[in-house]
Amino acid sequence: MEDSKRTAELLAQLNKIVSEGRNPETMEIDILSSEGILRKLNHEDAHVAPAVASQIPSIAEAVDAIVERLQAGGRLFYIGAGTSGRLGILDAVECRPTFSVPDDLVQGIIAGGEHAIQFAVEGAEDDREAGIADVKAVHLSSKDVLVGLSASGRTPYVVAALEYANAIGCVSVSVTCNPDSPLMTTAQIGICPVVGPEALTGSTRMKSGTAQKLVLNMLSTASMIRLGKTYENLMVDVNASNEKLRARAIRIVMQATDCSRETAEAALKAAKNRAKLAILMILTGAELAEAEALLDQQDGFLRRAVEQKL
């Protein structure tokens, strides 16, 4: 009887979730040609970007909170189950090579642990205790920001983690595609791009997943820009640690300064393969020690360092 009651409760919840509804635009998708199916899918995808755009004020509020906490020595965590958890891990790991941040600055946590990155872990998303245990395991503190990811907005694992974050003074942010959901009422900052029913009923790896990915791109990229990780629109904090990155660093230095390849290579060598310092040295004529001091004075902001010297 207990299982039957729980099933009835879940069915009632699903009936209220926008992303679990049936999409009237795709009721005949199973009899369409390949091109017809793809046009339907593409038509549905077109709803995603406007839905995300409607959330820019909330996303900006989250970015401001992330920047403030990272500047004060905190960290950024994403937590989710299934597709949402994998998307959080993807964004977290990409911050390291893109912006040369420490491995522990941006982290992704997924219900079920590393095994769940590739395989479904039954029951992991329903385990509230595991959600709390997993954020405790990374020593989540009041200095940090925890972003909870759940298309449905009801995932117990994620909700419990955000509740714990609130209790210890950590900034809590939710990214979901369903308004009036537990995640939205739990988080201090709620981000909710409503993309509507999926082309395949309940397949939230589609529009809902795309919306979450766009929001994550915005959160991490805008935060890193605010932290001085770019110059104009160039990724100047890249470190040339392998052949591909070395070539990219040379190109970035050339683009930022309009210099020759030879000049860029020489500056990178003098700057110990740090593109930001190489650019500053070329643009201002500063030697390495002075360039390092200028950047330190401006908290790593290259544009401000250039303006100070010139």
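Details of the structure are given in the entry above.
Now for a look at the structure at hand.

Thresholds applied
Residues numbered from 1 in each chain as written. Predicted model: local features only at pLDDT ≥ 70, side-chain atom pairs only at ≥ 80, totals over all residues. Heavy atoms only, no water. Axes fitted to C-alpha atoms, helices over the stretch in contact; angles between N-to-C directions. Helix = DSSP H or I, 4+ residues; strand = E, 2+ residues; numbered from the N terminus. Parallel < 35°, antiparallel > 145°, perpendicular 65-115°, else oblique. Left-handed = near helix turned anticlockwise from the far one by under 90°. Contact = heavy atoms within 4.5 Å. Nonpolar A, V, L, I, M, F, W, Y, C, P; charged D, E, K, R; others polar. Buried < 20%, exposed > 50% of the residue type's maximum accessible area, 1.4 Å probe, protein only. Arc of directions from axis to C-beta. Pairing = 2+ DSSP bridges. Core = buried A, V, L, I, M, F, W, Y, C linked by side-chain atoms within 4.5 Å.

1. So, the packing of helix α12 (residues 275–284) against helix α14 (residues 302–309)
Stage number 1. At their nearest, the axes of α12 and α14 sit 10 Å apart, and the two run at 25° to each other. Relative to α14, the element α12 is oriented roughly parallel. The two elements α12 and α14 cross, and the hand of that crossing is right-handed. Mapping the contact onto sequence places Lys276, Ile279, Leu280, Leu283 and Thr284 in α12 and Leu302, Ala305, Val306 and Lys309 in α14.
Stage number 2. Here the residues of the contact of α12 with α14 sort into six nonpolar, one polar and two charged.

2. Focus: helix α11 (residues 261–270)
Stage number 1. For α11, the set of buried residues is Ala264, Ala267 and Leu268. The buried residues of α11 occupy an angular sector of 100° when the element is viewed end-on, so they sit on one face. Away from its buried face, by an angle of more than 90 degrees, α11 presents the exposed residues Glu262 and Lys269.
Stage number 2. Looking at the packing, one finds that the buried side of α11 touches α10 (243–257) and α12.
Stage number 3. Positive backbone phi, at 60°, marks lysine 272, one or two positions downstream of α11.

3. Quick look at the sheet that holds strand β4 (residues 171–175)
Stage number 1. Sheet architecture is open: five strands sit in the order β2-β1-β3-β4-β5, paired in parallel fashion. The two strands at the open ends of the sheet, each matched to only one other strand, are β2 (106–110) and β5 (189–191). Looking at each pair of strands side by side, their axes are set apart by 20° on average, direction ignored.
Stage number 2. Relative to β2, strand β1 (residues 76–80) runs parallel, the two being bridged by five bridges. Residue pairing across strands places leucine 76 opposite valine 106, the latter belonging to β2.
Stage number 3. Helix α7 (residues 156–168) contacts β1, β2, β3 (145–149) and β4 of the sheet and is inclined by roughly 160° relative to β3.

4. Some details on the pairing of β3
Stage number 1. Along β3, five of the five residues are buried, which leaves the element largely enclosed by surrounding structure.
Stage number 2. Neither face of β3 is open: one carries Val145, Val147 and Leu149, the other Leu146 and Gly148, and all of them are buried.
Stage number 3. In this sheet, β3 lies alongside β1 in parallel orientation, the contact comprising five bridges. Note that in β3 the partner of glycine 80 across the bridge is leucine 149.

5. Observations concerning the nonpolar core
Stage number 1. Within the largest apolar cluster, 35 residues are counted, with the highest numbers of intra-cluster contacts made by Leu76, Tyr78, Val106, Val147, Val173, Ile191 and Leu219.
Stage number 2. Within the residue set of this core, elements represented by two or more residues are α3 (48–53), α4 (56–71), β1, α5 (82–99), β3, β4, β5 and α9 (207–226).
Stage number 3. No other element matches α4, which puts seven residues into this core.
Stage number 4. Beyond its immediate stretch of four places on either side in the chain, isoleucine 191 contacts Gln55, Ser58, Ile59, Ala62, Val173, Ser174, Val175, Thr176, Met184, Val215 and Leu219.

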